[in-house]
Structures are given as C-alpha cells and as structure tokens.
Amino acid sequence: MPQRYDAIVIGGGHNGLVHAAYLARAGKRVLVLERRPRVGGAAVTEEIFPGFKFSVFSYVVSLLRPEIIRDLELPRHGLEILPLESTLTPLPNGDYLAMWSDHDQTRRELCRHSARDAEAYDEFGQLMHHMAMAVKPILGMVPPDPTSLSPGDLLGLARLAKHFRRLGERHFHALCKLMTMSSADFLDEWFEFDGLKATKAASGIIGTFLGPRSPGTAYVLLHHYMGEIDGAFRAWGFAKGGTGAISEAIAAAARARGTEIRTDAPVARVLVKGGRATGVALESGEEVAASVVVSGLDPRRTFLQLVEEPELPADFVGDIRRYKFRGSSGKVNLALAELPDFTCLPGVGPHLRGAISISPSLEYVERAYDDAKYGEFSRRPYLDIVIPSMIDPAMAPPGKHVMSIFVQYAPYYVNGGWDDAKREAFGDAVVDTVAQYAPNIRSAILGRQVLTPADIERILGLSEGNIFQGELSLHQLFFLRPAPAWAKYRTPVRGLYQCGAGTHPGGGIMGASGRLAALQVLKDWR
Amino acid sequence: MLKVTPFHPRTAPLAQGQAWRRWAGYVVASSYELLHDREYHAIRGAAALFDVSPLYKYVIGGRDAVRLLDRVVTRNVAKCRVGQVLYTPWCDADGKQIDDGTISRLTEGTFRMTAADPNLRWLHRNAAGLDVTIEDVSERTAALSLQGPNARTILQVAADFDLTGLKYFHLTSARIRSIPVTISRTGYTGDLGYEIWVDAAQAVPLWDALIAAGTPYGLTPAGMLALDVARIEAGLLLIEVDYISSHRAFIEAQKSSPFELGLGWTVALDKEQFNGKGALLGEQRRGAAWQFMGIEVDWDSLERLYAEVRLPPRLPTVAWRASVPIYADGGQVGYATSGGWSPLLKQYIALAHLESAFARPGTPVRMEITVEHRRKQAAARVAKTPFFNPERKRGGGGGGA
C-alpha cells in the first residue's frame with residue numbers, strides 16, 4: 001500500500017464531493033473513488049442523444065446550501081442556478097392552473113378557480129414559511145440523540161427545545177399535524193380546489209412509496225417546501241448545464257484544494273482491522289490505506305456490502321436490513337424536435353419555462369398509487385415535467401428541446417419484474433399521459449430514454465432505485481436516519497463514516513449531509 | 001415629455017408591468033417581465049439585450065482630434081489604435097472627476113466618445129484654438145448592448161464579420177442582415193458582450209435581426225434592474241450614484257478623483273498635459289484619501305440580526321442606490337453607494353468609499369442594515385472588485401452555446 005491518504009471518500013456523488021472538499025479545505029489529503037466514469041452520482045449531465053444533454057436523474061435543485069456555495073466558491077468553478085419560475089397543471093376539462101413567481105399573478109389565477117383558495121393561499125404560504133423556519137435549523141445540525149446523556153446531545157436537545165418553545169402554540173400544533181397527517185388531509189383543511197390540492201400534495205409523495213392519502217406525507221411536502229434559494233423559501237431552480245454542472249463545480253472546488261478524484265474505481269470492501277477502518281480494497285484488487293473512510297453510498301450498500309458482517313453489531317445489521325428503500329419513481333428523458341403544445345394553453349409561452357405537473361386531482365394521484373400498491377406501474381402516473389432547454393438553451397441544439405419527466409409511481413418490486421418490454425410499456429404510459437394534454441408530443445420525439453427503479457439501481461447503485469437513499473418517512477429521519485444511535489455520520493466501525501442522503505437530513509441536491517459529516521469527522525480528528 | 005428611444009416600438013409592447021426608468025431624458029425599461037430575475041440570469045447564463053441608446057455620443061474629427069481628447073481625458077488617446085476602445089474618466093482642473101465613458105478610434109482621424117452626462121459644452125471649451133469638429137450624434141445613433149456567454153454566438157449568426165478575432169475593447173464595422181453597424185466588444189456587465197451602434201433609422205430592423213438570431217440561444221431583452229445587479233458584481237461605478245460629477249457637486253467633499261474611485265490605472269501621468277494633471281500628480285504623491293472598494297456582507301452575521309426578530313434574512317434582490325454607513329473600530333470609515341444580493345455568488349455585496357486606512361482587501365468592517373425599523377450593523381469584509389470576473393469576458397474564440 002504505497003499511497004496513504006488522510007481520508008478516502010467512497011462514491012463521487014454530490015455529497016461525497018462536498019464532503020471531500022470540506023476535508024480538503026481543512027488541510028486533509030483526500031481521495032474520492034467513484035465507480036462510474038464520471039462524478040456526480042444522481043446529479044449528472046449526459047449527452048444521451050447527440051446534441052441533447054440531460055440531467056439524467058436528479059433534475060432540479062432547491063436545497064443546495066448557500067453556505068456551501070460560498071465556502072467552496074462554486075460560482076467561480078462554474079455553478080449558476082437559474083430560477084424555475086412557474087408550475088402549470090393542465091386540467092382534464094381543458095382548463096389549467098398556473099402558479100407564477102409573481103404573487104399577484106398567482107392570486108388572480110387561483111381566483112379563477114376559487115376565490116376562497118386564493119385568500120387561503122396567502123395564509124397557507126405564511127404558515128408553511130413558519131414551518132420551514134421551524135425545521136430549518138434541524139437541517140443544519142448533527143442530529144442529537146434524545147436517549148443520550150452526553151453533553152453534546154443534551155446541548156443540542158436543549159437548543160431544539162428552546163427553538164420549539166419559541167414557535168408558539170399555534171405553530172407547534174401545526175408542526176405536529178404536518179409530522180403526522182397525510183398531505184391530502186392537511187391540504188383539505190386549507191383548500192377546496194382539487195387541482196391545487198393535488199399539485200401541492202404531489203410534492204408530498206416524491207420519492208416515497210406512499211399516496212397523498214397516506215399519513216406522514218405532509219412532512220415530505222414540508223421537506224420540499226423548504227426548497228430555498230437566496231433565503232427565499234419555496235424557490236426551485238435549474239443548474240446551468242444540468243445537475244451534472246453542480247457536481248462538476250463541487251469536484252473542481254475539491255480538486256482546487258488538492259483532492260484526488262479517481263473515476264472507474266469501484267470499491268469492493270472497506271478494510272477493517274481491530275474494529276477500525278484502515279482503508280479500502282478496490283474491485284481491481286488494489287488496496288488503499290487511509291486514516292478515515294467515508295461512504296457516500298446508501299446504508300444498505302455501505303453496511304451490507306462493503307463491510308464484513310462480523311464487524312457490525314447484530315442489532316445494527318438488523319436495523320439496516322429493515323431500513324426502507326422501496327423505489328417508487330422512474331424517469332423519462334425526451335429529445336424533442338419542437339416544444340409541446342398544450343391544448344389548455346397553446347403555443348410557446350412562459351408556462352413552458354417552469355414545471356408542468358400532471359396532477360389534475362387528488363383522486364388521480366391516489367389512483368396512480370393504487371396501481372403501484374398492487375405491484376404495477378401507474379397507468380396514468382403523476383408527472384413532474386420540466387424543459388431545461390427553455391431556460392438553458394445550451395442543453396439542446398438551437399431550436400430543439402429536451403424534456404425531463406419525473407414519473408411516479410414505478411415500483412421497484414413490479415409484478416413479474418422489470419424487463420425491456422415492461423420498461424417500454426412504462427415509457428409508453430408516460431408518453432400517452434403527456435399526449436393527453438399535449439398531443440403533438442408523439443411526433444416531436446426524436447429520442448426517448450426510459451429509466452425504471454431497476455435501471456436507477458443498476459446504473460447508480462441506489463438500492464431499489466430509491467432516489468433519496470431510503471424513504472423520507474418519519475421513522476427514518478433525523479436521529480433515526482439511517483438507524484437509531486448511528487445518525488451522527490459515525491458507524492459501529494471506528495474510522496468509518498457515512499455522508500450521503502441516507503443520513504440526516506436526507507435527499508435532494510443540498511450537500512448538507514456531506515458538509516455535516518465533514519464537520520463531524522474533523523471534530524473527531526482532534 | 002420624456003423621449004423614447006428608437007427601439008421603443010419593439011420594447012414598449014414587451015414591458016409587462018409598464019416599469020420604465022428615466023435615463024438622460026429618455027425612458028428605458030426597468031424590467032420587461034414583472035420580476036427582473038430572468039433578465040439577470042440571461043446576462044450570466046445565456047444572453048441579454050439592452051437598449052442603451054440614451055448614452056451621449058459625440059463624433060470628434062479634425063486635425064487636432066487627438067490633441068483635444070488627450071487634453072480632456074486621463075488616458076493616453078495618442079496611443080489608441082484604430083479599432084481600439086478606451087474606457088476613461090475625465091476631470092476638471094482640480095483633478096476631480098466630471099464623467100466617465102469610452103473613446104473609440106473609428107479611423108485615424110475620427111473618434112466616438114460616449115458619456116453619461118452631456119459634455120458638448122465641456123468639449124467645446126477645451127477645443128479653443130484647436131482644429132476639430134465636434135458633433136453630437138446622441139439622437140442619430142441608437143445602441144444596443146448584447147451581453148452574456150452566448151453573445152458572440154448570437155452575433156456571429158447575424159453578422160457578416162468573423163467575431164472570433166475581435167478583442168476585448170476593440171471594435172469593427174460590420175453588417176448585420178445587411179444593416180451597417182459598428183460592433184464594439186464592450187459593455188457594462190463584466191461579462192462577454194458587445195455593443196452595437198446603428199443609425200437610428202435602422203434601429204427596429206436591427207432589433208428584429210438580433211432577436212431572430214438570438215432566440216434559439218436564449219437571448220432575452222433585459223432592463224436596467226438586471227443591469228444594475230450585474231454592474232455591481234462587475235464592480236463598475238455609476239455616475240450620480242457612486243460618485244457625483246464635479247460639475248454638479250455643491251461642495252468639495254462631494255467630489256472624487258479617479259484615484260479615489262479605483263480608476264488610478266486610467267490616469268496617464270506621463271502624458272504631456274491634460275485637465276487635472278497637476279492636481280493628480282500631487283495626489284499620487286500624497287496617496288489618495290479614499291478608495292472605492294467592494295464590500296462582502298457576512299451571511300452568518302446577517303442571519304443572526306434577522307434571527308433576533310425571528311425572520312429569515314431579507315435580501316435586497318433589487319439593487320439599492322443609497323448612502324449606507326460603513327463602520328470599523330470605533331467609528332464610521334466610509335459609506336456604500338450601491339449594493340444588492342448577487343444571485344450568482346449567493347453573496348450580499350456592495351460598492352463603497354472607504355478611508356484609505358481601512359480599504360485593504362480583507363479588512364473587517366461593519367455595514368449598516370435596517371432590520372425591522374432598527375439600525376443594526378452586519379459584519380462585512382473589504383473585497384477587491386470585480387466580485388465576478390469570468391474568463392470569457394476577455395477570452396477569445398470558442399465559447400457561446
């Protein structure tokens with residue numbers, strides 16, 4: 001073992017890269033090992049068809065921590081986040097619901113459907129703002145363990161207790177409701193217009209194997225509400241150059257601080273000696289030593305594949321085995337000769353620069369879930385569509401476009417298993433659904449890439465194709481993510497840490513777990 | 001009645017919120033869309049098109065044109081080659097800045113000068129005894145500014161001239177869809193960009209040609225609000241906002257010298273004679289009392305000030321133009337004159353006049369922030385400008401989409 005590093009990061013996803021950059025910033029000698037030919041994990045841009053570039057998997061960004069952008073000087077390394085302006089929900093009756101970045105414009109639009117909802121929308125927005133404010137500090141802290149009596153944990157808990165006391169009664173109750181209710185029930189308390197409720201509820205099901213009427217989904221809704229750009233909540237954006245540009249910027253920042261990044265370098269296992277991680281063995285047989293090993297992979301792959309079971313306590317292994325993935329979503333990427341022409345709002349317009357949500361009613365989304373519950377992909381799925389080339393024309397040849405369609409539900413455990421025929425049938429169901437609202441889509445398609453949860457697992461190594469490295473349900477969050485007592489990025493193996501979305505605070509391109517894990521590693525180093 | 005520019009027939013229908021700003025007796029769009037965000041991002045992410053026709057423009061010719069200009073401005077015009085553009089301030093006899101603008105050498109004997117304020121009288125006064133012609137072409141010449149990473153690609157689609165060879169701060173004559181124009185690689189955004197000068201009668205066809213060529217590359221008409229954010233990121237100063245013309249100042253303290261405005265590099269003290277040379281020589285020897293620097297507000301400090309009143313930080317998404325005190329040690333050491341949130345850098349930035357002792361980059365200072373009606377001080381640091389300086393601004397070839 002000739003090379004010696006302070007730290008090895010397994011997996012060059014965006015969290016692994018953020019982690020490496022922060023360690024390198026503290027003067028550590030870091031090596032990142034990525035299995036694929038390019039860094040980024042789920043945040044990659046690839047030219048699937050000549051001239052057409054896609055954010056193949058993860059496609060929007062909202063939670064990338066501004067302190068990370070500043071600390072790592074990401075704009076200097078090419079990062080630019082462009083605003084995603086609006087949401088269009090085409091309705092089955094030929095009408096639509098549009099929500100714009102201009103508040104008054106959105107209110108007028110809501111008034112067309114329900115004057116009461118338009119008023120409630122302001123109050124709702126204010127409540128969600130308070131809720132996001134309430135939860136936000138949690139995103140920035142290493143989760144304290146409420147069962148622990150260590151000074152650090154007690155301090156963290158005391159801070160949280162004080163924080164929640166300051167919330168006031170009304171907001172505390174609202175927070176409890178959000179933590180426990182279904183998003184449909186929660187939204188029913190506020191709104192009457194179905195199209196609005198469904199579109200809002202849809203963000204409560206993303207990446208989970210739950211329907212809008214399943215309890216616990218209101219929290220996921222909040223998780224997405226925390227989308228924050230420039231201190232403004234509920235703002236989503238695109239990275240110029242696709243989500244891969246985010247990874248490339250972080251990688252450049254890490255390299256600028258001396259981090260070594262090796263691609264095509266799959267790790268076979270973590271080397272453990274006397275209960276302590278000493279390095280890694282690559283699939284090639286090469287062994288690399290380091291004082292600290294950090295895994296950005298999901299908990300199942302980290303603990304059940306990279307570490308020999310005898311090195312781990314049996315209870316812990318049991319917890320990791322029970323940790324829920326249940327991938328529930330797929331992705332369809334289209335290269336288009338022309339823009340989709342929506343029957344409800346014909347022609348080219350600003351509505352094509354935002355998200356297009358196929359979520360006409362709560363029942364529609366719940367029925368989509370019903371299909372999945374019984375092992376089928378949704379015949380009429382919920383779709384979250386964006387057209388990045390409308391905002392960043394460099395994503396497609398001039399005048400042509402790329403369309404990214406996030407699709408739910410596509411269960412990992414589909415009846416009969418996923419094969420080529422099923423993948424194509426799934427792709428057809430998605431295109432048929434879009435064509436219902438924009439009939440020209442079929443003739444506009446120049447190329448189609450369909451990704452099922454099985455593909456996501458195969459290509460990215462995300463277990464069961466779960467985009468968040470494990471469901472964002474309450475029993476898997478905060479001090480329980482990924483397992484009770486092991487939520488602080490440490491693991492039962494000394495010197496082995498975890499840093500991906502499978503740790504607090506979970507998924508989305510936010511880099512928070514990568515950064516928090518780095519702070520923890522550096523704290524332990526002293 | 002305020003004037004409208006020659007592009008008004010095209011810009012007026014785009015102004016969704018009827019938000020217009022006054023500029024030199026004209027109206028130009030503040031923002032075309034209700035919010036200026038997208039227009040800003042077009043500058044940094046694709047390309048933006050600005051109507052900059054209200055600039056004052058003078059064509060100066062005659063045997064003594066160089067002598068006149070070298071008498072007026074601080075830079076060395078004799079060294080300016082044909083096809084080159086100089087950015088330069090000009091001063092009064094006391095070395096205090098009157099205005100700033102550009103000088104383009106169109107031919108061996110003709111120059112175009114742009115200015116923010118009217119300068120015809122000043123030019124004539126300085127022309128006494130010289131063989132020159134000074135023509136105010138402000139109304140006859142319309143101008144568009146095409147700025148952003150895709151600017152070159154777009155212009156190349158429309159122009160008959162190979163732009164890869166056009167260097168930063170150089171110009172060329174060309175045709176855009178058969179319309180004769182002058183293209184200079186200049187701008188006010190600190191990004192890759194060009195300004196296109198055209199006969200006012202041809203303004204509308206030029207606009208149409210550029211929009212047609214640029215739309216597939218994300219070309220977006222943009223207004224002054226977006227431009228203001230970009231120019232602060234680029235550290236470019238604005239007359240009547242960041243400094244007061246010595247011709248308009250009521251008291252001495254309101255005047256600034258180029259050294260005090262970060263423009264020392266434009267002062268060619270080796271030139272034989274020019275307005276303010278004596279005073280500027282003295283100032284150079286003594287050292288300027290003030291410096292014009294960048295300010296970076298510390299996020300954690302800002303967040304704490306707002307957390308005290310249980311609010312998330314309120315960020316100035318529209319750039320402000322006001323005098324904001326800067327403190328260090330025990331007292332006030334300067335004042336910021338422009339500031340705002342940089343959406344690109346995720347940083348609250350400002351441009352400030354600082355006493356020279358506190359102007360070193362990295363110096364910790366505090367900037368006044370009003371949080372819920374109460375004046376607070378946020379921690380900040382002195383920074384070098386430009387805050388954002390992409391390689392593409394000066395770089396040649398390639399680039400674009």
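Being a predicted model, the structure only gives us computed values, none of them experimental.

Scanning chain B for helices and strands turns up nine helices and 20 strands. A compact globule built from 401 residues would reach a C-alpha radius of gyration of about 21 Å, and chain B, at 21 Å, matches this within 12%. Taken over the C-alpha atoms alone, chain B extends approximately 60 × 50 × 45 Å along its principal axes. Looking at chain B residue by residue over its 401 residues, the buried ones come to 61%. Taking as baseline every contact in chain B between residues at least 6 positions apart, the subset at least 24 positions apart corresponds to 67%. A total of about 16200 Å² of accessible surface is found on chain B, and carbon and sulfur atoms cover 51% of it. Here chain B carries 46 positive and 41 negative side-chain charges, and the mean point of each set is 1 Å from the other.

With that out of the way, let us pick up the domain arrangement of chain B. Here chain B is partitioned into domain 1 (7-55 + 139-233), domain 2 (57-136) and domain 3 (289-383). Each of domain 2 of chain B and domain 3 of chain B was reduced to a C-alpha centroid, and the two centroids are 37 Å apart.

Residues and elements named next belong to chain A. Looking at the assigned domains, one finds that chain A contains domain 1 (4-82 + 241-324 + 469-525) and domain 2 (325-460). Here the C-alpha centre of domain 2 lies 28 Å away from the C-alpha centre of domain 1. On the side of domain 2, 30 residues touch domain 1, which itself brings 27 residues to the contact. Each partner contributes to the roughly 2300 Å² buried at the junction of domain 1 and domain 2, and carbon and sulfur atoms together form 66% of this total. In this structure, the connection of domain 1 to domain 2 is made through one salt bridge.

Residues and elements named next belong to chain A. Counting 96 residues, the largest nonpolar core has Leu 222 and Ile 405 as the members making the most contacts within it. Here this core gets ten residues from one element, more than from any other, and that element is helix 4 (residues 115-139). Counting contributing residues, this core receives three or more from each of domain 1 (4-82 + 241-324 + 469-525) and domain 2 (325-460). Contacts of Ile 405, omitting those with residues within four sequence positions, involve Gly 330, Lys 331, Val 332, Asn 333, Leu 334, Leu 383, Asp 384, Ile 385, Val 430 and Val 434. Ala 20, Ile 246, Ala 254 and Val 292 belong to the second largest nonpolar core, which has 40 residues in total.

Definitions and cut-offs
- Here, residues in each chain are numbered from 1, in the same order as that chain's written sequence.
- Just so you know, chain letters begin at A and ligand numbers begin at 1, following the order they were written in.
- Given that the model is predicted, a residue must reach a pLDDT of at least 70 before its local features are reported, and side-chain atom pairs must reach 80 or more before they are shown or counted; all residues, however, enter totals for whole chains, interfaces and linings.
- To obtain the side-chain values, all non-hydrogen atoms of the structure were used and water was disregarded.
- The helix count covers DSSP runs of H or I at least four residues long, the strand count covers runs of E at least two residues long, and both are numbered beginning at the N terminus.
- Atoms considered for the radius of gyration are the C-alpha atoms alone. The globule rule reads 2.2 Å times the number of residues to the power 0.38.
- We call a residue buried when its accessible area falls under 20% of the maximum for its residue type, exposed when it is over 50%, and partly exposed in between, using a 1.4 Å probe and counting protein chains only.
- The criterion used for residue contact is that any of the two residues' heavy atoms lie within 4.5 Å.
- Working definition of accessibility: Shrake-Rupley area with a 1.4 Å probe, residue cover restricted to the visible protein chains.
- Under the counting rule used here, the positive set is Lys and Arg, the negative set is Asp and Glu, and His together with the chain ends is not counted.
- The atom standing in for a charge is NZ when the residue is Lys, CZ when it is Arg, CG when it is Asp and CD when it is Glu.
- The domain limits used here are those given by an automatic or database domain assignment.
- Two parts placed together each lose some accessible area under a 1.4 Å probe, and adding up what both lose gives the buried area.
- Whenever a carboxyl oxygen of Asp or Glu lies within 4 Å of a side-chain nitrogen of Lys or Arg, that contact is scored as a salt bridge.
- What is meant by a nonpolar core is a set of buried Ala, Val, Leu, Ile, Met, Phe, Trp, Tyr and Cys residues, joined one to another through side-chain atoms within 4.5 Å.

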